[in-house]
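Results of the structural survey
So you can see what is in the structure, the chains are spelled out below.
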Amino acid sequence: MNPNRRELFGAVLGLAAAARMKGSDDGVTIPGKRPMILHNDRPEDLETPLQYFDSYLTPVDAFFVRQHLPRPAPIDPAAYRLTITGMVSKSVQLTPEDLRKLPQFTVTATLECTGNGRVFYTPKLPGIQWGRGAVGNAEWRGPRLSDVLKLAGIDAKAEFLEIVGADTGLASTPDFVRSMPMQKALHPATLLALSMNRETPDIHGFPVRLIVPGWDGTSWVKWVTCLTPAARMSSGFFMNPAYRYPKYGLPPGTAARPAELEVIEGMPVKSTITAPVDQGKLPLAAVAIRGFAWAGENAIERVEISTDGGSLWHDAQLPSPKLPFAWRLWRFDWRPQAPGYYTILSRATDTAGRVQPFVPAWNPSGYLWNGVDRVGVTVEGAA
Amino acid sequence: MIRGLFLPACALATLALAAGQATDQATVERGRKEEGRACLPCHSLRLIHSQRLSRAAWNKELDKMAGWGTKMQDRDALMEYLVANFGDDKPVTPPAMSVDGTGKK
């Protein structure tokens, strides 16, 4: 964690928030979305401002968006077909109705972009300069992927599942193709979602989106059109070299050996402070410090808060259920005793005993930032 | 005599520096145009302008884009433009906010 950089970025986001209050200077509207932090508009890379994170489920109109490739033309559900081919007993083509006839399940899961927090790494890294808001929590509903695959009959020797989305690359940009071990594909929480928060937003990959609870957002393929059980992992760009993480720690700013990069799967333990606002001013009175915490495939066990830069820690309240895959909201009621500047920190621990670090490991693509979160506030005395 | 030699040398150096800056500025301007021509067909420019990278990192990005089919007519100028405006020594600018697209009041 680089305090100067954190403070600088906090100030930058503060300016962005101020700009929001005045209205955007760019005039870009994303249909269906509230004002969002606009990292890119073609294709859309939209970050959720922290002030929207005030509920357990993140509303669709505030949910972050990460597109690698241009969004495909909206898919007419009547014309949609899901193809299952490869190492199967029989190739099949399924309609949305076929998917709706299967038993339907709801999974509450936190979706986070693999590069969320990249802006906090030093040295700087290429890629979308996400702050804290490339994350959201939603109810995803649809059939289990395992039930869908049974309709084609999977060869027992198929150890991986290749997933193709409808988005295609421009020029020679590779198409968005991902691959995951069959064991995770057959996990009962892995769904082919037909809705999120009971909506079917095209911008989030519907009519059919893959839900891989606890794994990085890149695994959650949007607009799924083809599933292919295979003996080996796919070798396309979005599996290699992209979305890999060094097996061994690297000195910041250095390259990894390609053979020592591993595919990212489960996400780390993490917490984020949503209130009070970084670099904001507070009256000398009781204040609720709030936020959320999540831990990939695990559940959150504990969140601790410090209001003195890390000398003393206090347990936060955790009113949300303790579940794998989903975040827990947390809250700490604080009554500052004197005016002055305070550094507030949050630190999460998960059910596997993983603890959020002060210094996340720098890595060449800026993935998996999970440093202890930090905001600074000035408590003002009585006038 | 020494003084007489020094002044012209100093003046020449100043002229050379001015000429160099003019050339650099012209190159950077060519790079700006190349950015629009080469990059805009696939994505908007925020993706570029939000980043602050070293010359080596920008070079790698341009290699990646060339590998993905970007046709660059003036790669050197594009490189100078990127380093001059979005180098890792340049201050970060806040991302813009989109306009409300929910249709709600």
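For the structure given in this document, a descriptive report is provided here. (Residues numbered from 1 in each chain as written. Chains lettered and ligands numbered in written order. Predicted model: local features only at pLDDT ≥ 70, side-chain atom pairs only at ≥ 80, totals over all residues.)

As for the interface of chain B and chain A
Every contact between the two is made by 25 residues of chain B and, on the other side, 37 residues of chain A. Broken down by secondary-structure element, the contributors of at least two residues to the side of chain B that touches chain A are helix H2 (46-49), helix H3 (55-67) and strand E1 (96-97) of chain B. Taken together, the residues of the side of chain B that touches chain A break down into eleven nonpolar, nine polar and five charged. Note that strand E1 (residues 37-41) of chain A and E1(B) share two bridges and pair antiparallel. Across the sheet, the residue bridging to Ile37(A) is Met97(B), located in E1(B). (Contact = placed C-beta atoms within 7 Å. Helix = DSSP H or I, 4+ residues; strand = E, 2+ residues; numbered from the N terminus. Nonpolar A, V, L, I, M, F, W, Y, C, P; charged D, E, K, R; others polar. Pairing = 2+ DSSP bridges.)

Description of the nonpolar core
Of all hydrophobic cores here, the largest spans 94 residues; its most connected members are Trp140(A), Leu192(A), Leu210(A), Ile211(A), Val224(A) and Ala293(A). Split by domain, this core shows at least three residues from each of two domains, domain 1 (66-263) and domain 2 (270-380) of chain A. The residues contacting Trp140(A), other than those within four sequence positions of it, are Val107(A), Ala109(A), Leu191(A), Ala193(A), Met196(A) and Ile211(A). Core analysis: the next-biggest nonpolar cluster, separate from the first, contains nine residues, Trp58(B), Leu78(B), Leu82(B) and Val83(B) among them. (Core = buried A, V, L, I, M, F, W, Y, C linked by C-beta atoms within 7 Å. Buried ≥ 20, exposed ≤ 12 C-beta atoms within 10 Å, placed from the backbone. Domains from an automatic or database assignment.)

Section: the sheet that holds E1(B)
Strand order in the open sheet formed by four strands is E3(A)-E2(A)-E1(A)-E1(B), and the pairing between neighbours is antiparallel. At either end of the open sheet lies a strand with only one pairing partner, and these are strand E3 (65-66) of chain A together with E1 of chain B.

Section: the environment of Trp369(A)
Residue and element names in this part refer to chain A. Along the chain, Trp369 turns up in the loop between strand E22 (340-350) and strand E23 (373-380). We classify Trp369 as buried; it has 24 C-beta atoms within 10 Å. Once the C-alpha coordinates of Trp369 and His204 are considered, the two residues, 165 residues apart in sequence, prove to be 23 Å apart. Among residues more than four places away in sequence, those in contact with Trp369 are Asn116, Gly117, Arg118, Phe120, Tyr121 and Pro360.

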